[in-house]
Amino acid sequence: MSTTTVTTWFLRQTAPADLRRAAAPAGDVRIARAGVPSPEFSRFLYTAVGGDVRWTDRLGLGHEEWRALLSAPGTETWVAYEDGTPAGYAELAAGAEGAVEIVYFGLLPAFRGRRIGGHLLSYATARAWDLGERWPGLGATRTVWLHTCSQDGPHAKANYLRRGFSVYDTRVAEERDAVTPGPWPGAFARPSDGA
């Protein structure tokens, strides 16, 4: 099997004041928490968002493994909707010593380039900072972190930097190429305005 050299950047904020919010996009865009842990819905979001950027780490998980991850204290899924249609999501997970990870973040291909990503990232980061207020016993968030890599979308790292994240570590590794379960061929092309 062939391999690809992948650069991974680890980014963080160390205070709520680090967050630089993006403006809300035009139109009917709203963000809501998926309050009921749903492996089916989360797997749909995971494959729809990550299918063209090689998200594969959770593909082998069974239903109960998904449920356990999503039901862990301090784990939340925040979904952006445009006109009632899921456009993207962010998954947060509380860790040790007040660290909250934005485990997954992204948009479905058809919703990219419409200013939804900056808005969703701003909102999700703010929810990471106030996560302890919704989960008694977790304590206050002390840092919010995430990672992105050279396989992610071309604007991912720049979006994180614009929102006030800073790089604190970089790693380079060879990764085996993998087939992702993304949508059918051609699904990543945006429809024309006249369609």
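Up top is the structure.
From a predicted model like this one, the values you see are computed outputs, not experimental measurements.

### Section: the overall build of the protein
Step number 1: Broken down by element type, the protein carries 5 helices and 7 strands.
Step number 2: Along the protein, from the amino end to the carboxyl end, the secondary structure elements read β-β-α-α-β-β-β-α-α-β-α-β.
Step number 3: Here the protein has a C-alpha radius of gyration of 16 Å; the compact-globule value for 195 residues is 16 Å, and the two agree.
Step number 4: With respect to the three principal axes, the spread of C-alpha positions in the protein is 45 × 45 × 35 Å.
Step number 5: Among the 195 residues that make up the protein, the fraction classed as buried is 44%.
Step number 6: Sequence separation of at least 24 residues holds for 73% of the intrachain contacts in the protein that already meet a minimum separation of 6.
Step number 7: Of the roughly 10,200 Å² of accessible surface on the protein, 54% is carried by carbon and sulfur atoms.
Step number 8: Within the protein, the 21 negative side-chain charges are centred at a point lying 5 Å from the centre of the 21 positive side-chain charges.

### Some remarks on the nonpolar core
Step number 1: In this structure, Trp-55, Tyr-89, Ile-102, Phe-105, Ile-116, Tyr-160 and Phe-165 are the most contacted members of the largest nonpolar core, which totals 41 residues.
Step number 2: Ignoring anything within four residues of it in the chain, the contact list for Tyr-160 reads Leu-11, Phe-105, Leu-121, Leu-146, Thr-148 and Phe-165.

### Description of the pattern of salt bridges
Step number 1: Under the defined criterion, the tally for this structure stands at 8 salt bridges.
Step number 2: When the shortest N-O distance is used, the salt bridge between Glu-91 and Arg-58 registers 2.8 Å. Here Glu-91 is found in strand β4 (residues 85–94), whereas its partner Arg-58 is found in the loop between α1 (39–50) and α2 (63–71), with 33 residues between them in sequence.
Step number 3: Given a relative accessible area of 7%, Arg-58 falls into the buried group.
Step number 4: Here the salt bridges share partners, and the residues they tie into one network are Arg-33, Glu-76, Arg-127, Asp-130 and Arg-134.

Reading the values: the criteria
- Residues numbered from 1 in each chain as written.
- Predicted model: local features only at pLDDT ≥ 70, side-chain atom pairs only at ≥ 80, totals over all residues.
- Heavy atoms only, no water.
- Helix = DSSP H or I, 4+ residues; strand = E, 2+ residues; numbered from the N terminus.
- Rg over C-alpha atoms; globule rule 2.2 N^0.38 Å.
- Buried < 20%, exposed > 50% of the residue type's maximum accessible area, 1.4 Å probe, protein only.
- Contact = heavy atoms within 4.5 Å.
- Areas by Shrake-Rupley, 256 points an atom, 1.4 Å probe, with all protein chains shown as cover.
- Lys, Arg positive; Asp, Glu negative; His and termini not counted.
- Charge placed at Lys NZ, Arg CZ, Asp CG, Glu CD.
- Core = buried A, V, L, I, M, F, W, Y, C linked by side-chain atoms within 4.5 Å.
- Salt bridge = Lys/Arg side-chain N within 4 Å of Asp/Glu carboxyl O.

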